[in-house]
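Understanding the architecture of this molecule
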Amino acid sequence: MDAVDVAAYTVPTDAPEGDGTLAWNATTLVLVQIRSGATTGLGYTYGAAATAQVVDQQLADVITGRNVWDVPAVNEAMSRAVRNVGRPGLVAGAISAVDIALWDLKARLLGLPLVRLLGATRNEVPVYGSGGFTPYDEAQQDRQLRGWVEGQSIPRVKIKIGESWGRAEYRDRERVERARRSIGAQTQLYVDANGGYTRKQAVRVARFLTDQDVTWFEEPVSSDDLTGLAQVRSAVTADVAAGEYGYSLPYFRQLLDTEAVDCPQADVTRCGGITVWLRVAALADAAGLEISGHCAPHVHAHVAAAVPNLRHLEWFHDHVRIEQLLFEGVLDPAGGAIEPGASGAPGLGLTFRTEAAERYRV
């Protein structure tokens, strides 16, 4: 590798967004570009702009000059280099963005879509529409859900619940009922509490969710509470999911060993990149479980198509909007699935819109 460039771009939301435990009005994408000769690979993560400093100050020297073909070796070198810095959080996001860029670069040098380099197990990756933020009013939620179901024929959707750390349970119930009316009986309905409930509250709410045919209950309690997740899982009928805040492979080992989830989620922009995401998928497969990709759909698409035990990929409103704004080559979820590599474009198939992005650079 000859050079590493990194920049951060903060994009305001198109409306106030929030979930059970957090609210936000902007999202930052940290872009890493790595050059080898005349070819450049790109990767990115979502997080604080300070992630760019981690890449620049902690990782760039580790990467530069290394063999472009040996991505797992570079991933290991980065992990060792940050031992005293602290790997979880921003540092894991930085490593992930670099790892994604390295895989993209390798595929571009070979002139292959990344999914062909990794080896495909499927041509299509199922997606679910994700949004339904707690600040949305009834009309806004209905419009978004119908856009996915009626406009794009996506057969599975998710909304946020657990509002105000579970203190607005009555409104959670109203919003779930409205969501079911918006999408009809045939569409799968998922919910995500973002860790907003207590253990027993989650079990009580789950009885109501069963009546609404909710089949996916994400982070009913904190993803750090593996015992609580396991207790909720054993008491409810919906599949319990968690794992989006897993920053290393050992976390996912613990998640599976405690039987905390029915379907682990892993975020390629947080867990250590494509190199580690593949290992998480293998752990899940060995446990007899499927895996789901969390957010950032255009960097998940190719690796999601490469594993046999994929359930689906989150088509997250906030990230989809940003990726459509900042990149050429985005995918179409019409019919409920995307087709990574179908265009034949090398790597991730994305081209960064440098001029369009400049107004958002921080």
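You'll find the structure just up there.
Everything in this summary refers to the structure shown in the same document. Since this is a predicted model, take the numbers as computed values, not measurements.

1. What to know about the overall build of the protein chain
- The number of helices and strands found in the protein chain is 14 helices and 14 strands.
- Relative to a compact globule of 362 residues, whose C-alpha radius of gyration would be 21 Å, the protein chain shows 20 Å and is just as compact.
- For the protein chain, the spread of C-alpha atoms along the three principal axes comes to 60 × 40 × 35 Å.
- Expressed as a percentage of contacts within the protein chain between residues at least 6 apart in sequence, the contacts between residues at least 24 apart total 70%.
- The centroid of the 34 positive side-chain charges in the protein chain is displaced by 2 Å from the centroid of its 44 negative side-chain charges.

2. Here's the deal with the nonpolar core
- Membership of the largest hydrophobic core comes to 103 residues, with the highest contact counts inside it found for Ile34, Ile63, Phe217 and Trp277.
- Aside from chain neighbours lying at most four places away, what touches Phe217 is Ile161, Val191, Ala193, Tyr197, Ala202, Ala206, Leu209, Ala238, Asp239, Val240 and Ala241.

3. Let's talk about the side chain of His319
- Relative to the helices and strands, His319 is located in helix 13 (residues 317-326).
- A relative accessible area of 9% places His319 in the buried class.
- Not counting residues up to four positions away in its chain, the partners in contact with His319 are Thr27, Tyr46, Cys295, Ala296 and Pro297.

4. Describing the pairing of strand 6 (residues 188-192)
- Among the five residues of strand 6, four are classified as buried, and the element is accordingly described as predominantly covered.
- Where strand 5 (residues 156-160) meets strand 6, five bridges bridge the pair, whose relative direction is parallel. Note on strand 6: the bridge partner recorded for Lys158 is Tyr190.
- Examined bridge by bridge, strand 6 and strand 7 (residues 214-218) share four bridges and lie parallel to one another. What sits directly across from Leu189, in strand 7, is Val214.
- Between the parallel pair strand 6 and strand 7, the chain is carried across by helix 8 (residues 199-211), and the sense of this crossover is right-handed.

5. So, the sheet that holds strand 1 (residues 3-18)
- Strand order in the open sheet formed by three strands is 1-2-3, and the pairing between neighbours is antiparallel. Among the strands making up the open sheet, the edge pair consists of strand 1 and strand 3 (39-46). Taking the axes of each pair of neighbouring strands and ignoring which way they run, one obtains an average angle of 20° across the sheet.
- In the sheet, strand 2 (residues 23-36) pairs with strand 3 via eight bridges, with the strands oriented antiparallel. Within the sheet, the bridge partner assigned to Leu29 lies in strand 3 and is Tyr46.
- Strands in contact with helix 1 (residues 51-63) are strand 1, strand 2 and strand 3; relative to strand 1, the strand with the most contacts, it is inclined by about 155°.

6. Quick look at the pattern of salt bridges
- By the definition in use, this model includes 20 salt bridges.
- Between Arg178 and Glu174 there is a salt bridge, with its nearest N and O atoms 3.8 Å apart. Of this pair, Arg178 and Glu174 both sit in helix 7 (residues 169-183), four residues apart, which is roughly one turn of the helix.
- A relative accessible area of 34% means that Glu174 is categorised as partly exposed.
- Among the charged side chains, a network of salt bridges with common partners joins Lys158, Lys160, Asp192, Glu218 and Glu314.

7. Overview of the environment of Leu112
- Of note, Leu112 is situated in the loop between helix 3 (90-110) and helix 4 (114-118).
- A residue is classified by how much of its surface remains accessible, and Leu112, at 30% relative accessible area, is partly exposed.
- Residue contacts for Leu112: discarding those within four places in its chain leaves Ala107, Leu117, Ala345, Pro346 and Gly347.

8. Considering a nonpolar patch on the surface
- Taken together, Trp69, Leu110 and Leu112 make up a surface patch of nonpolar side chains, about 250 Å² in accessible area.
- With respect to the helices and strands, the residue Trp69 is situated in the loop between helix 1 and helix 2 (71-81).

9. Points about the packing of aromatic side chains
- What the rule picks out here adds up to twelve aromatic pairs.
- Taking 5.8 Å as the distance between ring centres and 85° as the angle between the ring planes, the aromatic pair formed by Trp24 and Phe133 counts as edge-to-face. Of this pair, Trp24 sits in strand 2 while Phe133 is found in the loop between strand 4 (125-130) and helix 5 (138-151), placing the two residues 109 residues apart along the sequence. One exposure class covers both Trp24 and Phe133, and it is buried.
- Consider the rings of Phe133 and Tyr136, whose centres lie 5.4 Å apart with planes at 90°: the pair is edge-to-face. There is no split in this pair, since Phe133 and Tyr136 are both buried.
- The rings of Tyr9, Tyr44, Tyr46, Phe327 and Phe352 are connected pair by pair, giving a single aromatic cluster.

About the thresholds
- Residues numbered from 1 in each chain as written.
- Predicted model: local features only at pLDDT ≥ 70, side-chain atom pairs only at ≥ 80, totals over all residues.
- Heavy atoms only, no water.
- Helix = DSSP H or I, 4+ residues; strand = E, 2+ residues; numbered from the N terminus.
- Rg over C-alpha atoms; globule rule 2.2 N^0.38 Å.
- Contact = heavy atoms within 4.5 Å.
- Lys, Arg positive; Asp, Glu negative; His and termini not counted.
- Charge placed at Lys NZ, Arg CZ, Asp CG, Glu CD.
- Core = buried A, V, L, I, M, F, W, Y, C linked by side-chain atoms within 4.5 Å.
- Buried < 20%, exposed > 50% of the residue type's maximum accessible area, 1.4 Å probe, protein only.
- Pairing = 2+ DSSP bridges.
- Right-handed = clockwise from strand over helix to strand, strands pointing away.
- Axes fitted to C-alpha atoms, helices over the stretch in contact; angles between N-to-C directions.
- Salt bridge = Lys/Arg side-chain N within 4 Å of Asp/Glu carboxyl O.
- Patch = residues over 30% accessible without salt bridge, like charges linked within 9 Å, V, L, I, M, F, W, Y side chains within 5 Å.
- Areas by Shrake-Rupley, 256 points an atom, 1.4 Å probe, with all protein chains shown as cover.
- Phe/Tyr/Trp six-rings, centres within 6.5 Å; stacked < 30°, edge-to-face > 60°.

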